[in-house]
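Given next are the chains, with one letter for each unit.
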Amino acid sequence: MRILRKLCLMAACSVIIQFNLSAQEKSKKDFTFNIIPQLDFGMLQLEKNSYLYSPTGILGFKFSKSENSVSGGPDVIAGSLSYGQDFFSNDYSIMGEKHFHKLGAFGKLVAGKNTFLLKVDDRGSKPFESYKNFEGLCFYARKIIDSNSTQLDIGGGLAATDTGIVLGGLDIFIVPLPMIHFSYKNQIIDAEAEWIGMLDAIITLFPESMFLWRKTDFPREGG
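All values derive from a computational prediction rather than experimental measurement.

> With reference to specific residues and values, describe the overall build of the protein chain.
Counting its regular elements, the protein chain contains one helix and 13 strands. Reading the secondary structure of the protein chain in the N-to-C direction produces α-β-β-β-β-β-β-β-β-β-β-β-β-β. Sorting the 223 residues of the protein chain into buried and exposed places 27% on the buried side. Across the protein chain, every contact between residues at least 6 apart in sequence was considered, and the portion connecting residues at least 24 apart equals 42%. For the protein chain, the computed accessible surface area is about 14200 Å², with 61% contributed by carbon and sulfur atoms.

Structure (structure tokens):
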């Protein structure tokens, strides 16, 4: 499945509906709790008449303290669960398969300038088909730049996946990786670039709208 990540261009349309749930009146000003259901649909042209279609459903939540809160604990706790499918048109396939399932879980904790991330993904022709289809990431990052429009985080962590690396007859499933995350946002554009082993970039137009248009760039083969 690493082949899919090296495909060069993907356009996606997302519909996000956000529900705000507040604490009781006594602590209403201290934090907010958001439930965020999201639907994504991606389409990627592989060859002249072959396409990859990727519908995905995501249910996310976010707990965040207000700027003036004096209570202790993390500033942000966020997470999500997702399920999606990748399927190919015409006769295109990967390893003889034309249909793949995607399962994902994500967690994020922010305390001051410190961020902890945990992510687990499963992608295969069947859900939970093999442990080799699972990928796990565990990262720590420190915020270097933090303004209303610009953020820069630098850190590192561990990735657990089927790397294909064999040392002394042993398969290596855990590798250290650096992490760099940069974002810029205003009312017209929301741009993010993240490097965790390979570079991913996402540009979202009109990020405050319910209907979002995104362009995602993946590195080319050998790039």
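> Lay out the pattern of salt bridges in plain terms, naming residues and giving numbers.
Taken as a whole and assessed by the stated rule, the structure comprises five salt bridges. Taking the shortest distance from any N to any O, the salt bridge between lysine 143 and aspartate 153 comes out at 3.2 Å. Linking lysine 143 in strand 8 (residues 134-146) with aspartate 153 in strand 9 (residues 150-167), this pair joins segments that are ten residues apart in sequence. Exposure class is identical for lysine 143 and aspartate 153. Each is buried. Among the ionic contacts, a cluster of salt bridges with common partners joins Asp86, Lys102 and Arg123.

> Which residues make up the environment of aspartate 153, and what values do they have?
Classification of aspartate 153 by relative accessible area gives buried; the value is 6%. Aside from chain neighbours lying at most four places away, what touches aspartate 153 is Thr115, Ala141, Arg142, Lys143, Met179, Ile180 and His181. In terms of polar contacts, aspartate 153 uses its side chain to reach the side chain of lysine 143, at 3.2 Å.

> Tell me about the environment of aspartate 200, residues and numbers included.
If you trace the backbone, aspartate 200 turns up in strand 12 (residues 198-205). Distance from aspartate 200 to histidine 181, taken between C-alpha atoms, is 9.7 Å for residues 19 residues apart in sequence.

> Any chance you could break down the confidence of the model for the protein chain for me, citing the residues and the numbers?
Mean pLDDT over the protein chain stands at 77; residues scoring 70 or higher make up 75%. A low-confidence stretch, residues 20-27 (pLDDT under 50), is modelled with eight contacts involving residues beyond four sequence positions or located in other chains.

What counts as what
Residues numbered from 1 in each chain as written. Predicted model: local features only at pLDDT ≥ 70, side-chain atom pairs only at ≥ 80, totals over all residues. Heavy atoms only, no water. Helix = DSSP H or I, 4+ residues; strand = E, 2+ residues; numbered from the N terminus. Buried < 20%, exposed > 50% of the residue type's maximum accessible area, 1.4 Å probe, protein only. Contact = heavy atoms within 4.5 Å. Areas by Shrake-Rupley, 256 points an atom, 1.4 Å probe, with all protein chains shown as cover. Salt bridge = Lys/Arg side-chain N within 4 Å of Asp/Glu carboxyl O. Polar contact = N/O pair within 3.5 Å; in protein donor to acceptor, adjacent residues only side chain to side chain. pLDDT = per-residue confidence, 0-100.

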